[in-house]
Amino acid sequence: QVQLVESGGGLVQPGGSLRLSCVASGFTWNYYGIGWFRQAPGKEREGVSCISNYDTITYYADSVKGRFTISRDNAKNTVYLQMNNLKLEDTAVYFCEVRQGAQTLLATDYNNWGQGTQVTVSS
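Below is a short write-up of the structure. Nothing here was measured: the structure is a model prediction, and the numbers come from that model.

1. Points about empty space enclosed by the protein
Item 1. Taken as a whole, this structure holds one cavity of 30 Å³ or more when the rule is applied.
Item 2. Its boundaries defined by the atoms lining it, the largest cavity holds a volume of some 60 Å³.
Item 3. Every residue lining the largest cavity is listed: Ala-24, Tyr-32, Ile-34, Ile-51, Ser-52, Asn-53, Arg-72, Asp-73, Asn-74, Asn-77, Thr-78 and Val-79.
Item 4. Mapped onto the lining of the largest cavity, the elements with two or more residues apiece are strand E4 (32-39), strand E5 (46-52), strand E7 (68-73) and strand E8 (78-83).
Item 5. Along the lines of polarity and charge, the residues of the lining of the largest cavity split into five nonpolar, five polar and two charged.

2. Structural notes on the state of the cysteines
Item 1. Per the counting criterion, the structure on display carries one disulfide.
Item 2. The disulfide bridge from Cys-22 ends at Cys-96, spanning 2.1 Å between sulfur atoms. Negative torsions about the S-S bond denote left-handed disulfides, and the value of about -80° found for Cys-22 with Cys-96 makes this one left-handed. Within this pair, whereas Cys-22 is found in strand E3 (residues 18-25), its partner Cys-96 is found in strand E9 (residues 92-100), the two being separated by 74 residues in sequence. An identical accessibility class is assigned to Cys-22 and Cys-96; each is buried.

Basis of the calculations
Residues numbered from 1 in each chain as written. Predicted model: local features only at pLDDT ≥ 70, side-chain atom pairs only at ≥ 80, totals over all residues. Heavy atoms only, no water. 1 Å grid on protein atoms, 1.4 Å probe; cavity = no way out; pocket = protein on both sides within 12 Å on 5 of 7 lines; lining within 4 Å. Points joined across faces, edges and corners; volume = space filled by probe spheres on them. Helix = DSSP H or I, 4+ residues; strand = E, 2+ residues; numbered from the N terminus. Nonpolar A, V, L, I, M, F, W, Y, C, P; charged D, E, K, R; others polar. Disulfide = S-S within 2.5 Å. Buried < 20%, exposed > 50% of the residue type's maximum accessible area, 1.4 Å probe, protein only.

If you want it as structure tokens, here you go:
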């Protein structure tokens, strides 16, 4: 069974930084897309950033471009999200999601997700 374990969330002041990690296991796909999604109170789940294990294509939500950076370590089956200059509106539960095939920011394209890690940006 696919298992995704997120970590790195916490409480941070506006302008601060956090680095999220997601360790993936339980699948042997040759090609997969993996990404970060978030859900804030009262809002639908939205794609933040995604990457694949096989090419250099990345996608970012407009709201995080220039502030967040996604990266991967294929040998460790781990994906990271470096979040800089955090804003109040970044507050959400951040989920790591994986799918067989290409990366995408469409939340409905993913069937595997982790438990999430809480990111709270507050002054």
